[in-house]
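One letter stands for each residue in the lines below.
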Amino acid sequence: MAENKDCEQSTKPEDDPGVCVSEISVYMNNVDGISPVKRKSPRITTKSKFLQKCRFGEMTECFFINKKIILLTLLLLVIVIITWTLLWVFVLRSPNNNALYFAGLFRIADVEFIPEYRRKDSPEFLYMADRVQQVINNVYGKSLFSKLYKQSTISDLSDNNYGGVLVHFWIVFVVPNMKTLFACEDCVSAVLKDSIQTSLVNRTSIGYLLGLPVDMDSIVVNVGLRSDYFATATTDSNSVIAKHAEQSGVPVALNFSTSTGRVNCHFKLTSLLGHIIRLSLTALQIEPDNCVTDSLHIYDSLMPIRSRNLYRACESFGSFPVSFVSTGNGMFLSLKSLRVHGKKEIKGYFEAIPKKKFENTILSMDGMRLEGNITSPYYPSYYPLKCSSTWIFKTSTPFGLALKFQNYTLKEKGFEPCDHGWWKINEKMYCGYQIDYQTVFHIANFLVSITFQCSGKQSSKAFLAEYSSYNISQPCPNGYYVCSTGLCIRQSQRCDGSDDCFDESDEVFCSLPPKVCNTSSPHHHYFSCDGVKDCENGTDELNCTDSVPCTNITYKCKNNVCIQKKNAKCDGTIDCLDGSDEMSCDCGNKIRHGSRIVGGSNAKDGEWPWQVSLHFSGSPYCGASVITKEWLLSAGHCFQGEKMSDPRPWIAHLGMHTQGNAKFKSELKRILVHEYYNGRNFDYDISLLKLKTPWPDRPTATIQPICVPSLAQMVPNGERCWVTGWGQKQERGNSDPTVLQQAEVEIINQSLCRSAYGLITPRMMCAGLLSGKRDACRGDSGGPLSCQEKVGGRWFLTGIVSWGHGCGRPHFPGVYTRVSKFATWIQQHVSALPKTDGVT
Ligand code: 4AZ
């Protein structure tokens, strides 16, 4: 395989991959006077005497003495070499752990950019860099931090779309005692900002930083990584590949691939003025482990500045190409891998594209119907951190405007920030959310003004909405029903047992359908093929394995044939012609059957062999369930935030009965939270966890996987299931049990669940007792709600402990993630799971 050796690689496992120029250091130790070369050895004089002796003829004595001298000299030399090497490795070369690195940028206004600034060895660059450096030195040298300030380095001078020169710099502080926690970004940038003198008269953002005209609004200073400092701050670094897009729309290739050695590879991309950069990736191969070993960072700057991080990829993308856009004419990519073995690859190209303004006015002429598409800026690229788009629509009465989104929805904005863009529609504010179904947003006005603002910590996936005018008094055609998601479905689809609206709004306030047992007309989904004989003549359970059109309530065999039998998976009867429904059914078996959580009881050892306790930094935090040899299922909310989503502090305890006595423990290799997890309402509250070490078959059989339900699987209301965990035994106070607790709970009707809580999505379900008493509580989150199949007797992971109003309160049952809804998602990610578990 062809290997690109442009970027720095290291094959030695002990090498620090971040150090491009490992010899360069801001290390403060004074090495003067310890050089062995400077010392004169008195033995040299002795040696010369012996040599003299030799010359005067006593040859035998001379020979032995000579040999001794040689041996002694060699010994001395070896000692000197060892001492020097140890000194070099442990003292001189060791990283300066007391150094803190800050990466930043600002724009110098009123200074004309000249092409020579692009070359770091040009006199023009050196002159300008020296000037800026002196200013920074002066500012920090006279600041509160003067004693800690070590140096600044100008790593780039670039042109930019606002005029002047954009300066990218590093500032290094040396803090003798790190206990003084000096990583205060705001303090460091405040020093710079406070030193700028602005004029109250001019009212511009340009002020003077010791004579340098600096744009106040452009200042960014963030804590940076030492490895990034060494990779980018020094002129002789060979790990940065600089590429420039000379012409608009002409792609410039970006390729790097290697199978050996660690990687610390950086691309600095620039484009011509008045343009931005579109980066298109066609391949990315890195180890998916939450960026512990491998990562690709894309920055909206020419240096790795954290707040300018456009995207952080910890794994490859689901499909290619994917593209990202910058806000200015520079972009920086950082590809890192700590793995010595295995392929690391990035393929793609970038191009200069004109910077655009996104303002549109769309008018309906002579009452004509409006129709078309609106998209996020730079569609289909991920939209950048800062962008905005406005549209003004004018229809005529009685028409309003409908926006049909593919995988996106708008919800009224609360106090929280919007992570996927915010919208202002006729003066009302909304947040955008990514979801996995269609929605239609109706605006009942003939004059519509829409502003979309990009927001979030990362670049977000593009959206497209089809707009059309609609009759305000009748949003859906005759014979159609308006879902709460805004979609129009046929009236016949209402109360048919299938979630056609995607939010179950077509399945609420439905009376129990009548049993029609003596006609040839098909049975209602509620009765048909659910394993329960509702009709005396058994007609509701007939022909359940005949091939039918696939829907979300049919079971899909491996050969893509769908059957009506809902719980076909692993029930002990072959239902699919290809037998796929009974393949890979080594799950959901309990070795021992035994008879708390809130209102629960002690479980017996080995009773719930799929139960896992997840410990964070040594303490029990959440539960999980074993589904394969190396995968666990848990809740998404256990892993929220930077700290919790790092797999390293987590340990999974398997085969455990009393806390701390696990039969098997493993670190986590990967945490995969559902991409649509919504921290506001706990929708899509599910995560997959990959173990670093798969659990062993022996010596214990107390670890067993639970079966994952198929998409069609149905658990009837009132069915009794079990919730297990080491969570609190009471809502108040610290009452964590040491022995695993179990509680039998009932599946609660979705409408009842909704009447208790309001927003219950199709991906949630309730279980508990309406009297309260038995429930999951804090600490049980992520753990299983296990239900036993009537036919076949296997146990299925019907729910995952998610949330609820307190614990064990009457009329507030526990809310669980409905696992069957995620059958496809689980299968997509867990390659070890059989491909035959009936997902559609
Ligand atoms: C929790 O905080 C939690 N009663 C889990 C479940 C329930 C409430 C809280 C349900 O982990």
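Rules behind the numbers
- Residues numbered from 1 in each chain as written.
- Predicted model: local features only at pLDDT ≥ 70, side-chain atom pairs only at ≥ 80, totals over all residues.
- Heavy atoms only, no water.
- Helix = DSSP H or I, 4+ residues; strand = E, 2+ residues; numbered from the N terminus.
- Buried < 20%, exposed > 50% of the residue type's maximum accessible area, 1.4 Å probe, protein only.
- Areas by Shrake-Rupley, 256 points an atom, 1.4 Å probe, with all protein chains shown as cover.
- Pairing = 2+ DSSP bridges.
- Axes fitted to C-alpha atoms, helices over the stretch in contact; angles between N-to-C directions.
- Near = heavy atom within 4 Å.
- Polar contact = N/O pair within 3.5 Å; in protein donor to acceptor, adjacent residues only side chain to side chain.
- Nonpolar A, V, L, I, M, F, W, Y, C, P; charged D, E, K, R; others polar.
- Core = buried A, V, L, I, M, F, W, Y, C linked by side-chain atoms within 4.5 Å.
- Patch = residues over 30% accessible without salt bridge, like charges linked within 9 Å, V, L, I, M, F, W, Y side chains within 5 Å.
- Salt bridge = Lys/Arg side-chain N within 4 Å of Asp/Glu carboxyl O.
- Expected span 1.5 Å × (residues − 1).
- Contact = heavy atoms within 4.5 Å.
- Phe/Tyr/Trp six-rings, centres within 6.5 Å; stacked < 30°, edge-to-face > 60°.
- Arc of directions from axis to C-beta.
- pLDDT = per-residue confidence, 0-100.

A few points about the overall build of the protein
Stage number 1. What the protein contains, in helices and strands, is eight helices and 44 strands.
Stage number 2. Looking at the protein residue by residue over its 840 residues, the buried ones come to 51%.
Stage number 3. Counting only carbon and sulfur atoms, one obtains 54% of the accessible surface of the protein, whose full area is about 40000 Å².

As for the sheet that holds strand β23 (residues 428-434)
Stage number 1. In space, the six strands of this open sheet follow the order β17-β19-β25-β22-β23-β21, with mixed pairing throughout. The open sheet has two edge strands with one neighbour each: β17 (358-363) and β21 (408-412). Strand after strand, the sheet turns through a mean of 20° between neighbouring axes, direction not considered.
Stage number 2. As defined by bridge partners, strand β22 (residues 422-425) adjoins strand β25 (residues 447-453) across four bridges and the pair is classed as antiparallel. By the bridge assignment, Trp422 is partnered in β25 with Gln453.

A look at the site of the ligand
Stage number 1. Around the ligand, the neighbouring residues are Asp775, Ala776, Cys777, Arg778, Gly779, Ser781, Val801, Trp803, Gly804, Gly806 and Cys807.
Stage number 2. One nitrogen or oxygen atom from the side chain of Ser781 is found 2.6 Å from an oxygen atom belonging to the ligand.
Stage number 3. At 2.9 Å from a nitrogen atom of the ligand is found a main-chain nitrogen or oxygen belonging to Gly806.
Stage number 4. With the chains in place, 84% of the 300 Å² that the ligand exposes on its own is no longer accessible.
Stage number 5. Looking at the shell around the ligand residue by residue, the classes come out as five nonpolar, four polar and two charged.

Looking at the side chain of Gln741
Stage number 1. Relative to the helices and strands, Gln741 is located in strand β40 (residues 741-748).
Stage number 2. Among the polar contacts made by the side chain of Gln741, one reaches the side chain of Asn602 at a distance of 2.7 Å.
Stage number 3. Within the local environment of Gln741, its side chain forms a polar contact with the backbone oxygen of Val739, the two atoms lying 3.0 Å apart.

With respect to the sheet that holds strand β18 (residues 371-375)
The strands making up a sheet associate through hydrogen bonds between their backbones, and the pairing can be parallel or antiparallel.
Stage number 1. Sheet architecture is open: four strands sit in the order β18-β26-β20-β24, paired in antiparallel fashion. Both outer strands of the open sheet, β18 and β24 (439-443), are each paired with one neighbouring strand and no more. Neighbour-to-neighbour, the strand axes of this sheet turn through a mean angle of 30°, independent of strand direction.
Stage number 2. Sheet analysis places strand β20 (residues 399-405) next to strand β26 (residues 464-471), joined by seven bridges and oriented antiparallel.

Things to note about the nonpolar core
Stage number 1. Formed by 49 residues in total, the largest nonpolar core has its most connected members in Leu614, Ile627, Leu632, Leu633, Leu654, Leu688 and Ile826.
Stage number 2. Elements represented by at least two residues in this core include exactly β33 (611-616), β34 (619-626), β35 (631-634), β36 (650-654), β37 (664-673), β38 (687-691), β43 (795-803) and α8 (823-829).
Stage number 3. Counting residues per element, this core draws most heavily on β37, which supplies four residues.
Stage number 4. Grouped together as the second largest cluster of nonpolar side chains are 35 residues, Ala129, Tyr140, Phe173 and Val214 included.

Some remarks on a nonpolar patch on the surface
Stage number 1. Taken together, the side chains of Ile70, Leu71, Leu74, Leu77 and Ile81 make up a nonpolar region of the molecular surface, amounting to roughly 500 Å² of accessible area.
Stage number 2. The residue Leu77 is located in helix α2 (residues 59-92) in this model.
Stage number 3. Since its relative accessible area comes to 49%, Leu77 is described here as partly exposed.

Here we look at helix α3 (residues 123-141)
Stage number 1. Along its 19 residues, α3 runs 26 Å from first to last C-alpha, staying within 8% of the 27 Å computed at 1.5 Å per residue.
Stage number 2. In this structure, the buried side of α3 is in contact with β2 (99-108), β3 (149-158), β4 (165-174), α4 (185-194), β6 (206-209) and β7 (212-224).

Some remarks on the packing of aromatic side chains
Stage number 1. Enumeration over the complete set of coordinates arrives at 47 aromatic pairs.
Stage number 2. Ring centres of Tyr757 and Trp803 lie 4.8 Å apart, and the angle between their planes is 65°; on these two criteria the pair is classed as edge-to-face. Linking Tyr757 in helix α7 (residues 750-757) with Trp803 in strand β43, this pair joins segments that are 46 residues apart in sequence.
Stage number 3. Residue classification places Tyr757 among the buried residues on the basis of a relative accessible area of 16%.
Stage number 4. For Trp803, a relative accessible area of 24% puts it in the partly exposed group.

Some details on α4
Stage number 1. The set of residues buried in α4 consists of Glu185, Val188, Ser189, Val191 and Leu192. Taken around the axis of α4, the buried residues stretch over an arc of 145°, which confines them to a single face. Of the exposed residues in α4, those oriented more than 90 degrees away from the buried face are Asp186 and Asp194.
Stage number 2. Where α4 is buried, its residues meet β2, α3, β4, β5 (196-198), β6 and β7.

Observations concerning the environment of Cys454
Stage number 1. Position of Cys454 relative to the elements: it lies in the loop between β25 and β26.
Stage number 2. Once the C-alpha coordinates of Cys454 and Ser376 are considered, the two residues, 78 residues apart in sequence, prove to be 8.7 Å apart.
Stage number 3. Other than its neighbours up to four places away in sequence, Cys454 contacts Pro377, Tyr383, Pro384, Leu385, Lys386, Cys387 and Ser388.

What about the pattern of salt bridges?
Stage number 1. One pass over the structure, following the stated rule, counts 29 salt bridges.
Stage number 2. Arg754 serves as the salt-bridge partner of Glu504, at 2.6 Å between the closest nitrogen and oxygen.
Stage number 3. One salt bridge in this structure joins Glu731 and Arg809, with 2.5 Å as the shortest N-O distance. Pair noted here: Glu731 is in the loop between β39 (720-725) and β40 and Arg809 is in the loop between β43 and β44 (814-818), with a separation of 78 residues, a long-range link.
Stage number 4. Taking the relative accessible area as the measure of exposure, Glu731 reaches 30% and is therefore partly exposed.
Stage number 5. Relative accessible area serves as the criterion here: at 28%, Arg809 is assigned to the partly exposed category.
Stage number 6. Here the salt bridges share partners, and the residues they tie into one network are Glu287, Asp294, Arg339 and Lys669.

Some thoughts on the side chain of Ser218
Stage number 1. Mapped onto the fold, Ser218 is located in strand β7.
Stage number 2. A polar contact is formed between the side chain of Ser218 and the backbone nitrogen of Arg107, at a distance of 2.8 Å.

Section: the environment of Arg118
Stage number 1. With respect to the helices and strands, Arg118 occurs in the loop between β2 and α3.
Stage number 2. Distance in space between the C-alpha atoms of Arg118 and Ser158 is 6.6 Å, their sequence separation being 40 residues.
Stage number 3. Polar side-chain contacts of Arg118 include one of 3.3 Å to the side chain of Asp159.

Notes on unusual backbone geometry
Stage number 1. Following Phe320, the chain continues into Pro321 via a peptide bond in cis, with omega recorded as 0°.
Stage number 2. Relative to the helices and strands, Pro321 resides in the loop between β13 (309-313) and β14 (322-325).
Stage number 3. Backbone torsion omega between Tyr379 and Pro380 reads 5°, so that peptide bond is classified as cis.
Stage number 4. Mapped onto the elements, Pro380 comes out in the loop between β18 and β19 (388-394).
Stage number 5. A positive phi is found at Asn426, a non-glycine position, where the angle reads about 45°.
Stage number 6. Its place among the elements puts Asn426 in the loop between β22 and β23.

A short note on the confidence of the model for the protein
Stage number 1. Per-residue confidence for the protein averages 86 on the pLDDT scale, and 87% of its residues sit at or above 70.
Stage number 2. Predicted confidence for residues 11-60 stays below pLDDT 50, and this span has 65 contacts to residues more than four positions away or in other chains.
Stage number 3. Within the model, the stretch residues 834-840 combines pLDDT values under 50 with 31 contacts to residues more than four positions away or in other chains.

Observations concerning the environment of Lys268
Stage number 1. Looking at the secondary structure, you find Lys268 in strand β10 (residues 262-271).
Stage number 2. Spatially, the C-alpha atoms of Lys268 and Gly330 are 7.5 Å apart, while their sequence positions differ by 62 residues.
Stage number 3. Beyond its immediate sequence surroundings of up to four residues, Lys268 is in contact with Asp156, Val240, Ile241, Ala242, Lys243, Leu302, Met331 and Phe332.

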